[in-house]
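# Structural characterization, general
Letter by letter, the chains look like this.
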Amino acid sequence: MRFKQYTIENLEVVDAGAEGKAVAKHDGLTIFIAGVIPGDVIDALVVKKKKTYAEARCTRLVKPSPYRIEPKCKHFGTCGGCKWQMLDYQQQLFYKQKQVTDNFQHLGHFEYPDPQPIIASDIQYEYRNKLEYTFTHQRWLSIEDMQAQQEGKTIEVRGLGFHVTSKFDKVLDIEHCYLQAEPSNKLRRAVHDFAIEKDITFYNLRNHEGLLRNMVIRMSSTGEMMVILVVTEFNEQSISVLDFIAANFPEITSLQYVINQKMNDSISDLEFHTYKGKAFMMEKMGDLDFKVGPASFYQTNSKQAFKLYSVAKEFAAVTPNDIVYDLYTGTGTIANFVARDAKKVIGIEYVEAAIED
């Protein structure tokens, strides 16, 4: 028998769950709802139901939570990049910590000491050192866009941005993203506009056609910057985009390109070509310098990474007699961070380029 959707009125949201969903309770059911926060009172449409849980979506915000704040980004709610911009940061930390203890209690079923407080980030925006954007020949259209089309107006449908949540072939064109510092937004918009002006094809995620596929922007705390343009072939148009980037953004210290003709977007197994500048960028953590290549993993929040490694090092209490194994070592940040205290460190990683770095 087909499930019939139904509405629950004046449902109070009581907790925050995983993957950006909040939690409510009703008639013995745990209900997961996206786009709301603890303390909200809502009308919820139940769209899926199992024995012990259900999934719903908010149809009306009856009473907002006292912890609800105005999201900074105009794309919030459509873009899948951020989940909790409407929740005060201190409350985000509270519920993240609660999630850890809940997992120990309800999943692990074991005794544990009280956890230490989460060490908060000093900055809430522009903290990411890496972002990956996707070109699309048919961007996600807003209600206003669709109305304009119905009125016979011509709108630009090509875009460069992030995937819409749970939709592999839908990309939201981004005007301004607060996850990475400038010139990230300026560069993305300039490349977008240049490609449209020159009528260079954007990638079709369904038919796997089009030249421009992805653009990765990596920035380091040392002021260096790496840009990777992913194309389906290297031709005159690819060169024109690379030349445009190089000419207009001299702060880029490593400009690279990758030819990806696969059905998926992963590029770590492909060859990286240095078009201009160095084949890597330098990152600094404490008094250590790290060489970060295009395929190397590096913690996306550089400042928090330093705090994280400092605490891990303190907890590990490494002695000169210890051999330390750093699994999934990436470019060796943790291994090198503790090396001077240990007898020997061994980093294990499957990306060969990262080990070379």
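Residues numbered from 1 in each chain as written. Predicted model: local features only at pLDDT ≥ 70, side-chain atom pairs only at ≥ 80, totals over all residues. Heavy atoms only, no water.

### Here we look at the packing of aromatic side chains
So the rule is basically this: When the centres of two rings from Phe, Tyr and Trp lie within 6.5 Å, Trp using its six-membered ring, the rings pair. Their planes under 30 degrees apart give stacked, over 60 give edge-to-face, and anything left gives tilted. In DSSP terms, a helix is any run of H or I states spanning at least four residues, a strand is any run of E spanning at least two, and both are numbered starting from the N terminus. The rule is simple: take the accessible area with a 1.4 Å probe, protein chains only, and divide by the maximum for that residue type; under 20% is buried, over 50% is exposed, in between is partly exposed.
Per the stated rule, a full pass over the model turns up 14 aromatic pairs. On the basis of an interplanar angle of 85 degrees and a centroid distance of 5.2 Å, the ring pair of Phe135 and Phe202 is categorised as edge-to-face. Taken together, the residues span a long stretch of sequence, with Phe135 in strand β6 (residues 130-136) and Phe202 in the loop between α3 (184-197) and β9 (212-219) at a distance of 67 residues. Per residue, the accessibility class of Phe135 equals that of Phe202, and both read buried.

### What about the pairing of β6?
Note the following rule: Any two strands between which DSSP finds at least two bridges are classified as paired.
Burial within β6 is extensive, with 5 of its 7 residues counted as buried. One ladder, built from 5 bridges, connects β6 with β9; its direction is antiparallel. Paired with Leu131 across the two strands is Ile217, which belongs to β9. Sheet analysis places β6 next to strand β7 (residues 159-163), joined by 3 bridges and oriented antiparallel. Note that in β7 the partner of Thr136 across the bridge is Gly159.

### Description of the sheet that holds strand β5 (residues 53-63)
Inclusion rule: Axes, fitted as lines to C-alpha atoms, cover a helix only where it is in contact. Angles between the N-to-C directions of the axes lie from 0 to 180 degrees.
Taken in spatial order, the 5 strands of this closed barrel run β1-β2-β3-β5-β4, and their pairing is mixed. Recorded for the sheet is a direction-independent mean angle of 50 degrees between the axes of neighbouring strands. Here strand β3 (residues 29-34) runs beside β5; their pairing, made up of 5 bridges, is parallel. Counterpart to Ala34 in the pairing with β5 is Arg57.

### Brief notes about the environment of Leu61
For clarity, the cut-off: Contacts between residues were defined by any pair of non-hydrogen atoms, one from each residue, lying within 4.5 Å.
In this structure, Leu61 sits in strand β5. Separated by 254 residues in the primary sequence, Leu61 and Phe315 place their C-alpha atoms 44 Å from one another. Discounting residues that sit within four places of it in the chain, Leu61 has contacts with Asp40, Val41, Ile42 and Arg68.

### Quick notes on the sheet that holds strand β12 (residues 272-277)
Strand order in the open sheet made by the 7 strands is β8-β7-β6-β9-β10-β11-β12, with mixed pairing throughout. Edge strands, defined here as strands with exactly one partner in the open sheet, are β8 (171-173) and β12. Across the sheet, the mean angle separating the axes of adjacent strands is 30 degrees when strand polarity is ignored. Summarising the sheet, β9 and strand β10 (residues 225-231) pair through 7 bridges and their orientation is antiparallel.

### Remarks on helix α5 (residues 302-316)
The following threshold applies: To estimate the expected span of a helix, subtract one from its residue number and multiply by 1.5 Å. Each C-beta atom gives one direction from the helix axis, and the arc is the one those directions make.
Between its first and last C-alpha, α5 extends 21 Å over 15 residues, near the 21 Å set by a 1.5 Å rise per residue. Residues of α5 that are buried: Ser302, Gln304, Ala305 and Tyr309. On an axial view of α5, the arc spanned by its buried residues comes to 145 degrees, and they lie on one face. α5 presents Lys303, Glu314 and Phe315 as exposed residues on the side facing more than 90 degrees away from its buried surface. Where α5 is buried, its residues contact β13 (281-285) and α6 (333-339).

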